[in-house]
Amino acid sequence: MTTELFFVQLINGIQYGLLLFLIASGLTLVFGVMGILNLAHGSMYMVGAYLVWYFATVTGSFTLSAILSAILALALGILIERVLIQRLYNRNHLDQVLLTIGMIFVFNSLQSILFGNDPYGVAVPSTLDGGIPFTENSSYPIYRIFAALICVSIAGVLYYVVSRTRLGMLIRAGESNREMVEALGVNIKSLYTIVFAIGVMLAAVSGIIAAPMRSIVPGMGESVLITCFVVVVIGGMGSIKGAFVGALLVGLISTFSSVLMPSMSNMIIYIFMILVLLVKPQGLFAK
Amino acid sequence: MIFEKRTERILVPMFFMVALFLPLFLESNSFFVGKVTTIIILSIFVMSLDFLVGRVGLITLGHALFYGLGGYLFVILAPEYEAVNFWIYTFYICGISALIALITGAVVLRTTGIYFIMITLAISQMMFYYFFDSLEFGGDDGVFIFMKPETSIFGLSFLNLDDPQHFYYLTLFSLFNTLVFFKVVLRSRFGRIVEATKQNPDRTEALGYNIFIFRLACYVIGSTLGAYAGFLFALQYGFVNPSFLAWEMSGTALVMSILGGLGTIYGAILGTFTYEGLQYLFEHLTEEWLLFMGSAIILMVIVLRKGIAGYLEKLLEK
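On a predicted model such as this, the values are computed, not experimentally measured, just so you know. (Residues numbered from 1 in each chain as written. Chains lettered and ligands numbered in written order. Predicted model: local features only at pLDDT ≥ 70, side-chain atom pairs only at ≥ 80, totals over all residues.)

A. Region of the structure containing the overall build of chain B. Helix and strand counts for chain B stand at 13 helices and two strands. Relative to a compact globule of 318 residues, whose C-alpha radius of gyration would be 20 Å, chain B shows 19 Å and is just as compact. Relative to its 318 residues, chain B shows a buried fraction of 45%. Contacts in chain B between residues far apart in sequence, at least 24 positions, make up 77% of those at least 6 positions apart. (Helix = DSSP H or I, 4+ residues; strand = E, 2+ residues; numbered from the N terminus. Rg over C-alpha atoms; globule rule 2.2 N^0.38 Å. Buried ≥ 20, exposed ≤ 12 C-beta atoms within 10 Å, placed from the backbone. Contact = placed C-beta atoms within 7 Å.)

What follows is the structure, given as structure tokens:
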């Protein structure tokens, strides 16, 4: 592997890892605060990608479509939490698994009814089209750098909100002791609605950011869901810091393995996850 | 009596009586015989999962690993153009699956709760991609089984696996044995301790039982029967491909067992038949059957808290 290839792969890996973090952060946030295992989280990623594709073909502006899709996703999150998830707080994990599998079916079917089963692509916005010259004869796409920067800034905002604001304080308090937060007069129900909606929006925003880089196809949600599980489990369920480290590790490992040993590349992250759990059965940053 | 509940004593004989005579009425239409055979095979698979999830408390999302192994092991072991003996190969496949379950079980049972769900998922995904990317096992397309096994015992053969009706009765017989086997196991001393490990692991351990060994034994039993179901399915359709061990397979089986009534064992039959029946119905009514299937699942979670068996028990037990 040449130095040049190594650096390209390194940037690719980090960029993929950051995108994974963005998706996984919503999953781990919802699990950590509410104890809900949302198998339909990948579907929200799909929703984001399809919405931005639809609005982009209608309006022609990527920025406008991105904002519209994110707002719609937030509303969808509130709706799902109010109508369905709220009924599950006193049930076990298995009922949650069952309900969210049902949701995957519904979203996949809505996708095929509304948008059909053809693969789509979203054009990279014109201001971000092109590449940064890397060496004399190679360059790196600007949009990918931009996407990575967006992911980093969202991670920063998330960190700030959770650790420095009043909402973050409530989220952390809700994680450690639900009853006590309730007894102190906080409306835990609306807190949960907010957290779930933020989780949905994080997944959808990842789908929006990924849309110009990847093709928009049926089933895109499920494949990303399983990878996110790996990320979240390696980091430790419920830990946002863990999700960040786990996402970068998974991003780098899967990028490098697809170059170094292509025949094993699909298996390798699962092998890595099993090894991590053998050493630390609760993940790297367990609470 | 191994069937403790009134509901079971009514439903189980009813089901097997109907199932026993069903092919006689469907003789002209072997599509339905094949369809029901598939559902019976799935019921065995779901029942083995129900035992693990509902009775032992091991929530696995990687049970399909063994379903796939049952099929792939046959392809790996049996010569391609020679009919082998069904009973001997059942023994081989179950033996090797049990060994694999013993090894993987020793690894996955180190974790608990949500991590157990995830590590079982990871192991089955790993094997999924192993077969998916493999050249010798046909990758994505899988492998065809050209010769079905013969079923002679001491030279006497009374079952012909190429005959859909014979195959139907073989699977029905297997389902009955699986049901009785689980009921006997759960009523035994071993089963009582397993029940205790689920209800209160700490106290059971304090009584001097090594709960790890009991869980491992159950994991091996459940996984082996899951592999047997996969073997039957591969024989029915004459092929095996990676979708056998996809996570969707594990997920669907979990949905079926929860739908039927988790931990009731006989509920696995109810859940599988209801799920497959609904799917068949929706598929024929509309192109967008997934939408109805998904909505039906969501509705049932909200309305039926303890599955179909739980609902029936509420009606019939007094």
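B. Structural detail: the overall build of chain A. Helix and strand counts for chain A come out as eleven helices and two strands. Listing the helices and strands of chain A from first to last along the sequence gives α-α-α-α-β-β-α-α-α-α-α-α-α. Relative to a compact globule of 287 residues, whose C-alpha radius of gyration would be 19 Å, chain A shows 19 Å and is just as compact. Over its C-alpha atoms, taken along the principal directions, chain A stretches across nearly 65 × 50 × 35 Å. Here chain A holds 287 residues, and 46% of them are scored as buried. Put simply, 75% of the contacts in chain A that link residues at least 6 apart link residues at least 24 apart.

C. Representation of the UniProt feature "transmembrane region" (unreviewed entry) in chain A within the structure. Residue and element names in this part refer to chain A. As annotated in UniProt, the feature "transmembrane region" (unreviewed entry) corresponds to residues 6–29, 62–85, 97–116, 142–162, 190–210 and 267–286 in the numbering used here. Annotation note: span residues 62–85, helix share 92%, strand share 0%, distance between end C-alpha atoms 32 Å. Across residues 142–162, the secondary structure splits into 100% helix and 0% strand, with the terminal C-alpha atoms separated by 30 Å. (UniProt positions renumbered as here; feature names shortened; annotations may be inferred.)

D. View of the interface of chain B and chain A. The interface is formed by 33 residues belonging to chain B together with 34 residues belonging to chain A. With 13 residues, helix H5 (residues 113–133) of chain B is the largest single contributor of residues to the side of chain B that touches chain A. By residue class, the composition of the side of chain B that touches chain A is 25 nonpolar, five polar and three charged. (Nonpolar A, V, L, I, M, F, W, Y, C, P; charged D, E, K, R; others polar.)

E. Main features of the packing of helix H11 (residues 267–285) of chain B against helix H13 (residues 307–316) of chain B. All names here are of chain B. The contact between H11 and H13 brings their axes to 8 Å, and the two run at 115°. The segment H11 lies against H13, with Gly267, Leu270, Gly271 and Thr274 engaging Gly307, Ile308 and Ala309. Its residues assigned to classes, the contact of H11 with H13 comprises three nonpolar, four polar and no charged. (Axes fitted to C-alpha atoms, helices over the stretch in contact; angles between N-to-C directions.)

F. Quick look at the nonpolar core. Ranked by size, the top nonpolar core spans 183 residues in total, and within it A:Ala49 and A:Val230 carry the most contacts. Beyond its immediate sequence surroundings of up to four residues, A:Val230 is in contact with A:Val250, A:Ile269, A:Tyr270, A:Met273 and B:Ala122. (Core = buried A, V, L, I, M, F, W, Y, C linked by C-beta atoms within 7 Å.)

G. Highlighting the packing of helix H1 (residues 3–34) of chain A against helix H5 (residues 142–164) of chain A. All names here are of chain A. Orientation of H1 relative to H5, taken along the N-to-C sense of each, is 40°, at an axis distance of 9 Å. When the interaxial angle is binned, H1 and H5 end up oblique. Two packed elements cross with a definite hand, and for H1 against H5 that hand is left-handed. Packed against H1, whose contacting residues are Ile14, Gln15, Leu18, Leu19, Phe21, Leu22 and Ser25, the element H5 presents Arg144, Ala147, Ala148, Cys151, Val152, Ile154, Ala155 and Leu158 at the interface. (Parallel < 35°, antiparallel > 145°, perpendicular 65-115°, else oblique. Left-handed = near helix turned anticlockwise from the far one by under 90°.)

H. Region of interest: the confidence of the model for chain B. Residues and elements named next belong to chain B. On average, residues of chain B score 87 in pLDDT, and 98% of them reach the 70 mark or higher. Mean pLDDT values over the elements of chain B span from 83, in H13, up to 93, in helix H9 (residues 211–237). With pTM at 0.88, the complex prediction returns an ipTM value of 0.82. (pLDDT = per-residue confidence, 0-100.)

I. Looking closely at helix H11 (residues 265–279) of chain A. When the terminal C-alpha atoms of H11(A) are compared, their 22 Å separation across 15 residues agrees well with the 21 Å that a helix rising 1.5 Å per residue should span. Of the positions making up H11(A), those classed as buried are A:Ile269, A:Tyr270, A:Met273, A:Val276 and A:Leu277. Seen end-on, H11(A) carries its buried residues on one side only, within an arc spanning 115°. Counted as exposed and oriented over 90 degrees from the buried face of H11(A): A:Leu275 and A:Val279. If you follow the buried residues of H11(A), they end up packed against helix H9 (220–235) and helix H10 (240–260) of chain A together with H5 of chain B. (Expected span 1.5 Å × (residues − 1). Arc of directions from axis to C-beta.)

J. How the structure looks around unusual backbone geometry. Residue and element names in this part refer to chain B. Positive phi is not limited to glycine here, since isoleucine 265 has a value of about 65°. Mapped onto the elements of the fold, isoleucine 265 is located in the loop between helix H10 (247–260) and H11. We classify isoleucine 265 as buried; it has 27 C-beta atoms within 10 Å.

K. The arrangement of helix H1 (residues 6–25) of chain B in detail. All names here are of chain B. The end-to-end C-alpha distance of H1 is 29 Å, a good match for the 28 Å that 20 residues give at a rise of 1.5 Å each. Of the positions making up H1, those classed as buried are Thr7, Glu8, Leu11, Val12 and Pro23. Buried residues in H1 make contact with helix H2 (30–56), helix H6 (164–187) and H13.

L. Structural detail: the environment of B:Tyr219. Residues and elements named next belong to chain B. Checked against the element boundaries, tyrosine 219 lands in helix H9. Its 23 C-beta neighbours within 10 Å are what place tyrosine 219 among the buried residues. Separated by 21 residues in the primary sequence, tyrosine 219 and lysine 198 have C-alpha atoms spaced 13 Å apart. Each residue touching tyrosine 219, except ones within four places of it in the same chain, is listed here: Leu52, Leu58, Ala101, Gly105 and Leu109.

M. Spotlight on the environment of B:Thr90. Residues and elements named next belong to chain B. Residue placement: threonine 90 occurs in helix H4 (residues 86–108). Threonine 90 sits 210 residues away from methionine 300 along the chain, and the two C-alpha atoms are 37 Å apart. If we ignore the near neighbours within four places in the chain, the residues touching threonine 90 are Tyr228 and Phe231.

N. The environment of A:Ala49, seen in detail. Residue and element names in this part refer to chain A. With respect to the helices and strands, alanine 49 occurs in helix H2 (residues 41–59). A sequence separation of 166 residues divides alanine 49 from serine 215, and the C-alpha atoms of the two residues are 9.2 Å apart. Apart from the residues within four sequence positions on either side, alanine 49 is in contact with Gly207, Ile208, Ala210, Ala211, Ile216 and Met220.

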